[in-house]
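Listed here are the chains, written in short residue letters.
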Amino acid sequence: MRSTVRRTVITAIGALAALSGAALAPAAAQPSYYNPEITPCDHLFRGPLTAPRPGTAVYWSPFGATGIVCYDNGTGLADYYQRDPWGAWHDMNELAPGQFFYSVFTTGIPDAAHWR
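Residues numbered from 1 in each chain as written. Predicted model: local features only at pLDDT ≥ 70, side-chain atom pairs only at ≥ 80, totals over all residues. Heavy atoms only, no water.

### Topic: the side chain of Asp84
Alright, step 1. Along the chain, the position of Asp84 falls in the loop between strand S5 (79-83) and strand S6 (89-96).
Alright, step 2. One buried charged residue, Asp84, forms no salt bridge at all, with the nearest opposite charge on Arg83 at 7.1 Å.
Alright, step 3. Reaching out from Asp84, the side chain makes a polar contact with the side chain of His90 at a distance of 2.8 Å.
Alright, step 4. Setting aside its immediate chain neighbours within four residues, Asp84 contacts Phe63 and His90. (Helix = DSSP H or I, 4+ residues; strand = E, 2+ residues; numbered from the N terminus. Buried < 20%, exposed > 50% of the residue type's maximum accessible area, 1.4 Å probe, protein only. Lys, Arg positive; Asp, Glu negative; His and termini not counted. Salt bridge = Lys/Arg side-chain N within 4 Å of Asp/Glu carboxyl O. Polar contact = N/O pair within 3.5 Å; in protein donor to acceptor, adjacent residues only side chain to side chain. Contact = heavy atoms within 4.5 Å.)

The structure is reproduced here in structure tokens:
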């Protein structure tokens, strides 16, 4: 009887220690305004003359649908940028649902983010 109680108490203490250790473990840093992240997301877009694929939007750009990144600054709103062959970033503007257009003006916003 005593050994059963002792095992139960030891098991309970071990479980509590494991749970408290998990609660004290640092959480993965989430993207924020001060710590934005970019990830490649070419797969979300296609050119206007390519065959439709489920879950893709049309992107009208002289550079095709490559070099596109998703910019996450923790607001929950999707921002997309494309890098041109010379290394400059261009904002992608959605002027109609599912229709994104290339911005001729360059921006340096993705340069402040880190790659995920």
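### Let's talk about the sheet that holds strand S1 (residues 37-40)
Alright, step 1. Pairing is mixed in the open sheet, where 8 strands are placed in the order S2-S3-S7-S6-S5-S4-S1-S8. Each edge of the sheet is formed by a strand with only one pairing partner; in this case those strands are strand S2 (45-46) and strand S8 (114-115).
Alright, step 2. When S1 meets strand S4 (residues 68-72), the two strands line up antiparallel, connected through 4 bridges. Bridge assignment links Thr39 to a residue of S4, and that residue is Cys70. (Pairing = 2+ DSSP bridges.)

### Concerning the pattern of salt bridges
Alright, step 1. Considering all chains together, one arrives at 2 salt bridges under this definition.
Alright, step 2. For Glu37, the salt bridge goes to Arg116, with nearest N and O atoms at 2.7 Å. Here the residue Glu37 occupies a position in strand S1, and Arg116 occupies one in the segment after S8, the gap between them amounting to 79 residues.
Alright, step 3. Residue Arg116 pairs with Asp72 through a salt bridge whose shortest N-O separation is 3.7 Å.

### Focus on the pairing of strand S3 (residues 57-60)
Within a regular strand, the side chains alternate between the two sheet faces.
Alright, step 1. Inspection of the sheet shows S2 paired to S3 by 2 bridges, in the parallel sense. Across the sheet, residue Arg46 finds its bridge partner in S3, namely Val58.
Alright, step 2. For S3 and strand S7 (residues 99-107), the ladder comprises 3 bridges, and the chain directions are parallel. Across the sheet, residue Tyr59 finds its bridge partner in S7, namely Phe100.

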